[in-house]
Amino acid sequence: MKRPPIEVTGSHRQPLGMPAAAFLRDYWQKRPLLIRQAFPGFESPISPEDLAGLACEEAALSRIVLHDRGRDRWELRTGPFDEAMFPDMPRRDWTLLVQDVDKWDMDIRALLDAFRFLPAWRLDDIMVSFAAPGGSVGAHVDQYDVFLLQAQGHRRWQVDSRPGAPQDFRDDVELKLLARFDPDHDWVLAPGDMLYLPPGVPHHGVAEDACLTFSVGMRAPSQAELMVDLAEELAAALPDEARYADPDLTPPRDAWEIDGAAFGRLREALADLQSLDEDRLRAWFGRFITQYRAGGEIEAPARAPDANAVARALDQGGILLRHPHSRVAWARHGRGARLFANGLGLSLGIADARRLAAAERVDAAGLAALGAGGREILQTLVAAGHYQLVKPRRRR
């Protein structure tokens, strides 16, 4: 069977260079794909100066990676940074990375609409990196899917797509850099080009000139994270008196042996883990996967507008805007649904759950489309800070 190509050309109608179903079938979590002109004529909505300014914000997650080529030494600095520092940065060999830029810039956030062929709850964030000529973060692997969109300038990407590629790390740097990297593909990406990489594929990007790269990353919790969080949730629901017990204890042959009967009682003590029902699992996972991984909880407003005030404002042309840190998803629950928002789990009808999950903004028509249950849940979200009411401007 002929293998699908590793390089294709996109278009306005097909950014992936093929139907989404074909991409998911042949490439998703299987093999890399370079898409030339996935975004034809792309112009970056953010400048390097804007990114540097964002990296100075206390709440922004930012890093700088510097490479001393002569000694092959790497240095990692973490933000926030002093604005006065940037004019003194070297002319070459450094990279600024800022996470969650889609939470700060609505033009960046709008790019996520191009990735709606994936479950929205799987999308994590858009990281934006600026690299001076020669700038890089070294050869490495990511344990999640990533789309690397070239936004400005040019970056050379090298990839080792072969199964079983070495993934041992260097022990002389604080970054997780590969000790050995032997690429089998070498490309230079221009603005609008995009490289897709599945988890575990070694890659190395180096700026050919001063450039911006947008990294659209997926949320992929490890099995360890899933197990720990689920166990913590189950444990929190157990009363303190629920303990390991042995009312059937008999004199042991050896007081130091943990015998078969003890292990049987252990299984009984852990019965909740072994008999987890489907509904409880769904409710936990919805809450877990919608929690904002970088922290920074959404604060409820001191005085949230009541439902009547919201309705009046929307009738007059106002809108409700979703908080950029709000992560929302829904799942079926019996004949209805649950809406999840940053760890909240709210019951409502399926139609209303669909509408609210997709509602980045709610106007008067959007409010009218909701049933009574949906309106009640919307007000709960407003009170919790997930939506902000933007009132219409008064005419002078």
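In case you missed it, the structure is sitting above this.
What counts, and where the lines are drawn
- Residues numbered from 1 in each chain as written.
- Predicted model: local features only at pLDDT ≥ 70, side-chain atom pairs only at ≥ 80, totals over all residues.
- Heavy atoms only, no water.
- Helix = DSSP H or I, 4+ residues; strand = E, 2+ residues; numbered from the N terminus.
- Buried < 20%, exposed > 50% of the residue type's maximum accessible area, 1.4 Å probe, protein only.
- Contact = heavy atoms within 4.5 Å.
- Areas by Shrake-Rupley, 256 points an atom, 1.4 Å probe, with all protein chains shown as cover.
- Lys, Arg positive; Asp, Glu negative; His and termini not counted.
- Charge placed at Lys NZ, Arg CZ, Asp CG, Glu CD.
- 1 Å grid on protein atoms, 1.4 Å probe; cavity = no way out; pocket = protein on both sides within 12 Å on 5 of 7 lines; lining within 4 Å.
- Points joined across faces, edges and corners; volume = space filled by probe spheres on them.
- Nonpolar A, V, L, I, M, F, W, Y, C, P; charged D, E, K, R; others polar.
- Pairing = 2+ DSSP bridges.
- Axes fitted to C-alpha atoms, helices over the stretch in contact; angles between N-to-C directions.
- Salt bridge = Lys/Arg side-chain N within 4 Å of Asp/Glu carboxyl O.
- Patch = residues over 30% accessible without salt bridge, like charges linked within 9 Å, V, L, I, M, F, W, Y side chains within 5 Å.
- Expected span 1.5 Å × (residues − 1).
- Arc of directions from axis to C-beta.

Draft legend 1. Geometry of the overall build of the protein. Along its length, the protein carries 11 helices and 18 strands. Dimensions of the protein along its principal axes, counting C-alpha atoms only, are 80 × 70 × 55 Å. Put simply, the protein has 396 residues, and 43% of those count as buried. Considering only intrachain contacts with a sequence separation of at least 6, the fraction spanning at least 24 residues in the protein is 77%. For the protein, the computed accessible surface area is about 22,300 Å², with 51% contributed by carbon and sulfur atoms. Of the side chains in the protein, 49 bear a positive and 58 a negative charge, and the two mean positions are spaced by 7 Å.

Draft legend 2. Focus on empty space enclosed by the protein. On inspection of all chains with the given rule, the structure shows one cavity of 30 Å³ or more. What lines the largest cavity is P15, L16, F39, A114, F115, F117 and M194. Counted by class, the lining of the largest cavity contains seven nonpolar, no polar and no charged residues.

Draft legend 3. Inspection of the sheet that holds strand β10 (residues 194–197) at higher detail. Sheet architecture is open: nine strands sit in the order β1-β2-β10-β7-β12-β6-β5-β3-β4, paired in mixed fashion. The open sheet has two edge strands with one neighbour each: β1 (7–9) and β4 (73–78). Taken pair by pair, the neighbouring strands of this sheet meet at an average axis angle of 20°, ignoring direction. Strand direction decides the pairing type here: strand β2 (residues 33–36) and β10, joined by three bridges, are antiparallel.

Draft legend 4. Quick peek at the pattern of salt bridges. Per the stated rule, a full pass over the model turns up 25 salt bridges. Note that D72 is salt-bridged to R170, the shortest N-O span being 3.1 Å. One end of the pair, D72, is in the loop between β3 (62–68) and β4; the other, R170, is in the loop between β8 (155–159) and β9 (185–189), with 98 residues separating them in the sequence. On the basis of relative accessible area, R170 is assigned to the buried category, the value being 19%. Where R156 meets D186, a salt bridge forms, and the shortest distance between an N and an O atom there is 2.6 Å.

Draft legend 5. Fine view of a nonpolar patch on the surface. Side chains of Y244, I258, F263, L266, L270 and L273 sit close together on the surface and give an oily, nonpolar patch of about 580 Å² of accessible area. Its location among the elements puts L266 in helix α5 (residues 260–269). On the basis of relative accessible area, L266 is assigned to the partly exposed category, the value being 37%.

Draft legend 6. How the structure looks around the sheet that holds β8. With antiparallel pairing, three strands are arranged side by side in an open sheet as β9-β8-β11. Only two strands of the sheet have a single partner each, and these edge strands are β9 and β11 (203–207). Across the sheet, the mean angle from the axis of one strand to that of its neighbour is 20°, orientation sign disregarded. Of the pairings in the sheet, the one linking β8 to β11 comprises five bridges and is antiparallel in character. Paired with V159 across the bridge in β11 is H203.

Draft legend 7. How the structure looks around unusual backbone geometry. Cis peptide bonds are those with omega within 30 degrees of zero, and the linkage from G79 to P80 qualifies with 10°. Summarising the element assignment, P80 is placed in the loop between β4 and β5 (94–98). Even without being a glycine, Q29 presents a positive backbone phi close to 60°. With respect to the secondary-structure elements, Q29 resides in the loop between α1 (20–26) and β2. We note that D93 has phi near 65°; this positive angle belongs to a residue other than glycine.

Draft legend 8. Seen up close, helix α4 (residues 223–236). Taking 1.5 Å as the rise per residue, α4 with 14 residues should run 20 Å; its terminal C-alpha atoms sit 20 Å apart, in good agreement. Those residues of α4 that sit buried are D229, L230 and L234. Each buried residue of α4 lies within a common arc of 135° when the element is viewed along its axis, so the set occupies one face. Within α4, the exposed residues directed more than 90 degrees away from the buried face are E232 and A236. Among the structural elements, α6 (271–274) and α7 (278–289) are those in contact with the buried residues of α4.

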